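Fold and contact review
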Amino acid sequence: MESFHMRFSAWTPFNNKSLNRQLFQERVALISHWFDLWTNKQRQEFLFAIFLRCTKSQLRFVQDWFSERKQVAKLDFSTVLPRFISLYIFSFLSPKDLCAAAQVSWAWKFLTEQDCLWMPKCVKFGWFLPYTPTDNEYGAWKHHYIACVSHLDWLTPREAAATYGTLNEPKTEDEELLERHREKCLRKRIWEKIALRRKELFKVRPPWVSGTGCSSVLKPRCQPRLSQTVRERAGSHEALEKQLVLTSLETLPKQSNISGSHSYPLLSKKNWHGLYKNDNSSSFALRPHVILISSRIPAYEMVVESVKSGVISVVYEHSVTLESLLYLIEKALDGQKAQSMGIFSDGDSRDINLLQGYKIGVKNLLKPEVRDFWEKLGSYVATEEEGGHVDFFAPLGASEAGTEVLSQLSQLTGTFFTAPTGIATGSYQHILSDWLGAQWGKAPSSIYFSESKLQTWSSFTDFLEDTLKEVRKQLCPLFKELQKSISGRMIGQFMFETMGMSDILNNQEIAQALADGLMELSKEDSERNGIEDNSWDTKSRLSKNDLNFEALINLERMLQRDSDEKRTRVVRELLQSERKYVQMLEIVRDVYVTPLKAALSSNRAILSAANIQILFSDILRILSLNRQFLDNLRDRLQEWGPAHCIGEIVTKFGSQLNTYTNFFNNYPVVLKTIDKCREMIPAFRTFLKRHDKTIATKMLSLPELLLYPSRRFEEYLNLLYAVRLHTPAEHVDRGDLTTAIDQIKKYKGYIDQMKQNINMKDRLSDIQRIIWGCPTLSEVNRYLIRVQDVAQLHCCDEEISFSLRLYEHICDLSLFLFNDALLVSSRGTSHTPFERTSKTTYQFIASVALHRLLIENIPDSKYVKNAFILQGPKYKWICATEAEDDKFLWLSVLQNAIKSRMEK
């Protein structure tokens with residue numbers, strides 16, 4: 001009975017192993033039968049109960065069993081990873097691979113047809129959907145890609161070569177000779193046409209250039225025509241077309257027919273007296289005042305708004321002609337005569353930029369069309385005896401050349417011309433200064449404008465001109481690329497319409513030459529004015545004997561003030577500008593410093609004492625220094641005479657400029673402290689919001705007010721130059737003025753150097769920001785020299801000679817040359833849908849120290865032009881520029897930079 005002894009169970013024998021094994025197998029079979037009959041949920045509950053009773057070794061056994069029979073690496077990654085990671089993996093596949101992946105499973109088909117995968121592939125080729133897909137629609141971009149590809153005109157390499165030809169196949173000797181002969185004939189034909197054109201221009205040139213000394217007064221109104229024999233001899237289409245255009249212009253109705261009158265009255269002073277001798281004095285008071293305002297004036301709308309009631313304002317476009325401007329004046333006057341006329345246009349102390357292409361100065365004042373314009377304009381204004389005058393709002397009265405222009409205009413028209421004498425007191429501040437020969441009890445600017453509004457506009461133009469300067473700086477590269485693109489399109493359209501495809505391929509050099517010619521045409525306008533000025537200057541010299549220059553010289557002597565009066569006027573302007581400058585500094589003290597210190601002393605501090613010291617200590621010292629300088633100038637002018645001096649006062653002021661040095665050294669810290677306090681301290685942010693750009697600050701903010709010390713030194717320099725100009729050489733003050741000018745000039749150079757360093761540092765930061773993956777560029781004494789865009793080439797076989805090597809274009813590079821290193825980056829262009837402009841992106845590749853950089857020139861061959869090699873310690877780049885001049889300039893600048901670096 002011991003063999004049947006049982007333990008823990010009445011059914012399990014303990015000592016009989018064979019019976020124990022048999023019973024165990026029967027029970028396993030029974031449990032397996034029950035397991036087959038259970039539902040899925042019951043099976044899961046049974047397994048859960050079994051796994052809870054298992055030890056760690058038993059659970060490890062189960063895990064190993066699953067690892068051997070079920071490999072985890074063979075799982076579908078799209079079912080394990082997040083959806084956005086799966087889409088990112090699929091984005092690296094080509095369209096063909098995406099279509100193949102879509103056939104794996106329904107899940108992969110759904111993922112590979114998403115629009116985020118197919119839209120970049122369509123946009124890359126410029127294929128855009130003509131509609132916007134709905135929210136529940138997917139696969140639209142894939143279907144659009146397939147539709148666009150199916151309509152492409154695919155050609156095999158053999159078919160393409162048969163249709164368009166190839167540039168890489170070497171030509172035979174006969175083809176080479178034929179091409180050279182064609183180029184020689186074309187070059188000869190071009191030179192013959194140029195020589196024929198020069199002969200035509202020589203025969204029809206104006207009579208005042210022929211050396212006969214003809215007077216400009218006797219020049220006919222119409223241009224000379226080409227004779228019939230010349231036209232037959234020329235036989236060129238361009239000459240005939242130009243002649244037809246000139247003939248059609250002569251047949252157009254003149255200005256007199258447009259305006260309704262028969263002709264413009266050209267009455268002298270005597271005729272005007274005879275015409276108005278029956279008028280009484282009351283008629284003078286009824287004559288209106290007219291102001292002409294150019295559209296080139298910054299914010300000219302504000303100038304128009306400041307015009308007084310009763311004054312006729314005429315706004316004209318800067319691009320109109322002289323006749324159009326006269327028509328606008330005649331229409332505004334409506335048959336009346338103006339008591340005075342103001343011309344508000346930009347200019348300097350030597351000439352006035354009246355219209356586009358008409359910069360009125362001493363050299364071109366005697367041109368026939370310019371002289372006729374001023375004679376007709378003078379006929380619309382009352383004479384000098386009747387109190388009439390024409391006012392230029394440009395500082396012509398501040399120089400000898402400008403005074404000569406005014407005297408010649410007065411002689412030509414019989415009307416008194418005047419202009420302001422102020423210089424360098426801010427943007428358009430000269431119009432509020434003294435005027436030359438003003439005898440009406442008030443400045444001419446007060447006749448036409450409200451001075452308060454005009455002063456507001458004048459202060460506003462400072463910021464507007466700075467903004468325009470930055471806009472020009474940003475848009476200049478864009479306009480350059482646009483100009484280049486338009487020139488290429490014009491040449492391409494012309495060649496496509498007049499030549500076949502084979503001729504276009506054979507005449508690429510001619511097309512490039514024509515494109516370069518169109519690029520140069522835009523530069524001729526600026527040079528043409530100078531050439532015309534020189535030609536008219538020559539004409540005036542040829543006609544000296546016929547003009548009455550003695551009368552002009554006598555009139556100039558009558559109108560010219562002596563040097564003492566001019567010197568006194570400039571010194572007074574120095575005092576006036578210094579008073580305005582001190583007032584701006586006092587605004588900082590009264591509006592900002594005083595309230596902040598009062599709040600600090602009353603235990604309601606807005607800023608701490610340390611921050612107030614950092615922000616305003618230097619500017620308050622500058623205020624104290626300039627207040628003393630202003631008092632010295634005021635005391636000297638109270639007893640001013642021809643023998644008095646101001647050079648010693650300015651020299652003493654120049655010896656104390658270390659106060660300004662402390663301010664400019666701390667200027668970046670001051671601006672950063674203002675920004676930090678505005679961001680961190682709400683009370684200071686509220687304080688600035690309440691005080692910035694108010695009437696008390698003249699609509700300026702605190703950082704804008706802190707700009708005035710840096711701009712003041714240029715005004716000092718210009719005013720001191722003007723004082724020395726009107727100081728005789730034997731005057732006692734001459735030496736002190738020269739010393740003061742040297743002091744101010746040296747300190748202005750110091751300020752300009754600080755500005756340049758800050759600009760270079762900002763430029764390095766901008767470059768580091770736009771180049772993806774760029775290392776830190778900001779280092780001491782590092783600055784940018786030049787940026788050059790090149791094409792990176794790859795040589796197919798480097799074992800053959802340079803003349804036979806073939807190159808392929810890999811990518812575009814941008815080379816940033818610094819004074820100590822060369823930075824190489826790849827350049828890409830991305831286009832935005834529905835936008836004409838493109839965005840350039842840069843990716844950092846490498847940087848090479850200049851002393852480790854090798855340069856090798858690649859001679860021009862049939863297959864490559866303007867190429868060179870840059871060799872560094874680890875990398876090598878084969879580069880090519882678009883133009884030969886770019887390559888020459890880049891290599892010369894790079895060589896000089898390497899030599900300078902090696903010498904250090």
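Residues numbered from 1 in each chain as written. Predicted model: local features only at pLDDT ≥ 70, side-chain atom pairs only at ≥ 80, totals over all residues. Heavy atoms only, no water.

Before going further, it helps to spend a moment on the overall build of the chain. When helices and strands are tallied, the chain shows 34 helices and 15 strands. The buried share among the 904 residues of the chain stands at 35%. The contacts of the chain with a sequence gap of at least 6 include a subset with a gap of at least 24, amounting to 65%. Of the roughly 56,200 Å² of accessible surface on the chain, a fraction of 56% belongs to carbon and sulfur atoms. (Helix = DSSP H or I, 4+ residues; strand = E, 2+ residues; numbered from the N terminus. Buried < 20%, exposed > 50% of the residue type's maximum accessible area, 1.4 Å probe, protein only. Contact = heavy atoms within 4.5 Å. Areas by Shrake-Rupley, 256 points an atom, 1.4 Å probe, with all protein chains shown as cover.)

Along the chain, Ser446 falls in helix H21 (residues 444-448). Using a relative accessible area of 8% as the deciding quantity, one classes Ser446 as buried. Sequence-distant contacts of Ser446, defined by excluding residues within four places in its chain, comprise Lys308 and Glu451.

Inspection of the secondary structure assignment puts Ile855 in strand E13 (residues 854-858). For the pair formed by Ile855 and Leu891, sequence separation is 36 residues and the distance between their alpha carbons is 8.4 Å. Ile855 has contacts with Ile869, Leu870, Leu891, Leu894, Gln895 and Ile898, leaving out every residue within four places of it along the chain.

We now examine the packing of aromatic side chains. Under the definition given, this model contains 35 aromatic pairs. Arranged with centres 6.1 Å apart and planes meeting at 65°, the rings of Phe35 and Trp38 form a pair that is edge-to-face. Residues Phe344 and Phe449 carry aromatic rings whose centres are separated by 5.7 Å and whose planes lie at 90° to one another, so their mutual orientation is edge-to-face. With Phe344 in strand E3 (residues 340-344) and Phe449 in the loop between H21 and helix H22 (451-498), this residue pair connects regions lying 105 residues apart in the sequence. Taken together, the ring pairs in this structure connect Phe629, Phe653, Tyr660, Phe663, Phe664, Tyr667, Phe713, Tyr716, Tyr747 and Tyr750 into an aromatic cluster. (Phe/Tyr/Trp six-rings, centres within 6.5 Å; stacked < 30°, edge-to-face > 60°.)

Another aspect to go through is the side chain of Ser617. Inspection of the secondary structure assignment puts Ser617 in helix H27 (residues 609-638). Within the local environment of Ser617, its side chain forms a polar contact with the backbone oxygen of Gln613, the two atoms lying 2.6 Å apart. (Polar contact = N/O pair within 3.5 Å; in protein donor to acceptor, adjacent residues only side chain to side chain.)

Attention shifts here to unusual backbone geometry. Here Asp334, not a glycine, exhibits a phi torsion of approximately 55°, which is positive. Along the chain, Asp334 turns up in the loop between helix H18 (322-333) and E3. Residue Asn603 is not a glycine yet carries a positive backbone phi of 60°.

Once that is clear, we can look at the state of the cysteines. Summed over all chains, the structure comprises zero disulfides. Residue Cys148 stays outside any disulfide, its sulfur separated by 6.3 Å from that of Cys122, the closest cysteine. (Disulfide = S-S within 2.5 Å.)

Ranked by size, the top nonpolar core spans 62 residues in total, and within it Phe616, Tyr660 and Phe713 carry the most contacts. Mapped by element, the contributors of at least two residues to this core are helix H26 (563-601), H27, helix H28 (647-654), helix H29 (658-680), helix H30 (682-691), helix H31 (702-705), helix H32 (708-725) and helix H33 (733-770). No other element matches H26, which puts 15 residues into this core. In this structure, Tyr660 is in contact with Tyr581, Ile622, Leu625, Asn626, Phe653, Pro709, Phe713 and Tyr747, ignoring residues within four places of it in sequence. (Core = buried A, V, L, I, M, F, W, Y, C linked by side-chain atoms within 4.5 Å.)

When strand E9 (residues 784-795) meets strand E10 (residues 807-818), the two strands line up antiparallel, connected through 11 bridges. Along E10, the bridge assignment pairs Asp789 with Ser814. Direction of pairing for E10 relative to strand E11 (residues 821-831): antiparallel, over a ladder of six bridges. Residue pairing for E11: Leu813 is matched across the bridge by Ser826. Where E10 folds back on E11, the antiparallel hairpin that results is connected by two residues. (Pairing = 2+ DSSP bridges.)

Charged atoms that come close allow side chains of opposite charge to pair. Scanning the entire structure with this criterion turns up 19 salt bridges. A salt bridge links Asp752 to Lys748; its shortest N-O distance comes to 3.1 Å. With Asp752 and Lys748 both in helix H33, this residue pair falls four residues apart, about one helical turn. Here Asp752 falls in the partly exposed class, since its relative accessible area comes to 34%. (Salt bridge = Lys/Arg side-chain N within 4 Å of Asp/Glu carboxyl O.)

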